[in-house]
Amino acid sequence: MVVTSSDEVSASHKPDYDRASELKAFDDTKAGVKGLVDAGVTEIPRIFYHPPENLDNTSATAATGDTQFSIPVIDIQGIDKDVIKRREIVERVREASEIWGFFQVVNHGIHVSVLEEMKEGVRRFHEEDSEVKKEFYTRDQMRPVMYNSNFDLYSGPATNWRDSFRCIMAPNSPKPEDLPASCRDILAEYSKQVMNLGILFLELLSEALGLNPNHLNDIDCYEGLAVLCHYYPACPQPELTLGTSKHADNDFLTILLQDHIGGLQVLFQDKWIDIPPEPGALVVNIGDLLQLITNDRFKSVEHRVLANRVGPRVSVASFFCTALQPSSKLYGPIKELLSEDNPPKYRETTVRDYVAYFSKKGLDGTSALLHFRL
């Protein structure tokens, strides 16, 4: 049956099937969404159906977002050689971070050959024999290398059409032999280069706040790096599901590499705006923890990824955050940014407590920041 109306989609959400059993059966295959596609499914299983209200502007006839707006594209070439140019770039970063929470960056210093090989490495991993991938399949978020489909499979309200593997590359990088052979070398090289870029952007963001350029790095916002490698297979019924549900990121900063297919959208003024792929560009966005410590000065903005009949789509999201690693360090609004007119809006939290709350909540369409507001 091909669902063609919202009434029929709504009917599919009635609790007339054992969702928990179907989720477990899907999980037990350890083959993810790629396994379904390889098996030749022409209709998506019910666990992937999303409520109609979450699927606005996702039909085949309206698969693009509002074209009235576009996120800023910032060229950072020559940033270390020209003081005036750096000041202009800092101002553009400030404006983008306060208004959009997202921007694309070009001439960032990571060679296009490294970007292409990183995307190829992700494809190689996800497309290799399922028996090889099963060695990495786990839901234990403390494992340095984790492969699965939907980190919130059992807690999220709907399942997304996406498989992922995640490698924690800092502060303690895995032993080379613990990384997948299909992308071992490029993961190490890309992570090293993206870490350097993250440190640079944390400097620019510090300057944009009127702080010492080292402020955000001195409080260890760069300390942790988790590299999430997503794989979105072609979907036979993209109008019924999403690649990634609406969410904001549970880190300080995210640097995203996406391929040519597109589908990433950001929510701006209650409209979904496409972030079209720019050759050689990286997408940078503010995470929840940076919004928290800047006391809402910088915005962690909700975004999503559409499912698509074309695929696979590949993306690599580098999260600057120590995630669930033990830490007693407390983060709250930066004292230098506070005043009588701008009192703290959030209570202090450890990164671990924030990420644990986010993970337990899952991608349910609400902001984890609300839980930490004063």
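Rules and cut-offs
- Residues numbered from 1 in each chain as written.
- Predicted model: local features only at pLDDT ≥ 70, side-chain atom pairs only at ≥ 80, totals over all residues.
- Heavy atoms only, no water.
- Helix = DSSP H or I, 4+ residues; strand = E, 2+ residues; numbered from the N terminus.
- Contact = heavy atoms within 4.5 Å.
- Core = buried A, V, L, I, M, F, W, Y, C linked by side-chain atoms within 4.5 Å.
- Buried < 20%, exposed > 50% of the residue type's maximum accessible area, 1.4 Å probe, protein only.
- Pairing = 2+ DSSP bridges.
- Axes fitted to C-alpha atoms, helices over the stretch in contact; angles between N-to-C directions.
- Polar contact = N/O pair within 3.5 Å; in protein donor to acceptor, adjacent residues only side chain to side chain.
- Phe/Tyr/Trp six-rings, centres within 6.5 Å; stacked < 30°, edge-to-face > 60°.

A.B. asks: When you look at the environment of Asp288 in this model, what are you seeing that I'm missing?
C.D. replies: Tracing the chain through its elements places Asp288 in helix H9 (residues 288–293). Ignoring anything within four residues of it in the chain, the contact list for Asp288 reads Ala248, Asp249, Asn250, Asp251, Ser300, Tyr354, Phe358, Ala368 and Leu369.

A.B. asks: What's the story with the nonpolar core in this structure? I'm lost.
C.D. replies: Side chains that are nonpolar tend, in soluble globular proteins, to be buried together. Among the nonpolar cores identified, the biggest contains 75 residues, and Met118, Tyr190, Phe201, Leu205, Leu282 and Ile293 are the most heavily contacted of them. Broken down by element, this core gets its largest block of residues, twelve residues, from helix H7 (residues 184–208). Aside from chain neighbours lying at most four places away, what touches Phe201 is Ile76, Val93, Phe103, Val105, Leu253 and Val284.

A.B. asks: Would you mind going over the sheet that holds strand E5 (residues 225–232) with me for this structure?
C.D. replies: The strands making up a sheet associate through hydrogen bonds between their backbones, and the pairing can be parallel or antiparallel. Strand order across the open sheet formed by eight strands is E1-E2-E10-E7-E12-E5-E4-E3, with mixed pairing between neighbours. Only two strands of the sheet have a single partner each, and these edge strands are strand E1 (73–75) and strand E3 (145–148). For this sheet the average axis-to-axis angle between neighbouring strands, irrespective of direction, equals 20°. As paired strands, strand E2 (residues 102–106) and strand E10 (residues 282–286) are joined by four bridges and run antiparallel to one another. What sits directly across from Phe103, in E10, is Val284. The sheet strands contacting helix H4 (residues 83–99) are E1, E2 and E10, and the helix crosses E1 at an angle near 160°. Helix H5 (residues 112–127) rests against E3, strand E4 (163–170), E5, strand E7 (253–258), E10 and strand E12 (313–320) of the sheet, and its axis sits at about 65° to E5.

A.B. asks: Even after reading the chapter, I still don't get the environment of His303, so can you show me in this structure?
C.D. replies: For His303, the location among the structural elements is in strand E11 (residues 303–306). As a C-alpha pair, His303 and Leu267 span 36 residues in sequence and 5.8 Å in three-dimensional space. Side-chain polar atoms of His303 contact the backbone oxygen of Val301, separated by 2.9 Å.

A.B. asks: Even after reading the chapter, I still don't get the packing of aromatic side chains, so can you show me in this structure?
C.D. replies: Given two aromatic rings, their pairing is described by the distance between the two centres and the angle made by the two planes. Tallied over the full model, the rule gives 14 aromatic pairs. Ring geometry for Phe26 versus Phe48: centroids 5.5 Å apart, planes at 85°, classification edge-to-face. Of this pair, Phe26 sits in helix H2 (residues 19–29) while Phe48 sits in the loop between helix H3 (32–38) and E1, and the two are 22 residues apart along the sequence. You'll find Phe26 and Phe48 in the same group, each marked buried. Taken together, a centroid distance of 6.0 Å and an interplanar angle of 70° make the contact between Phe125 and Phe136 edge-to-face. In this pair, Phe125 is assigned in helix H5 and Phe136 in the loop between helix H6 (130–134) and E3, connecting sequence segments eleven residues apart. This pair shows no difference in class: Phe125 is buried, exactly as Phe136 is.

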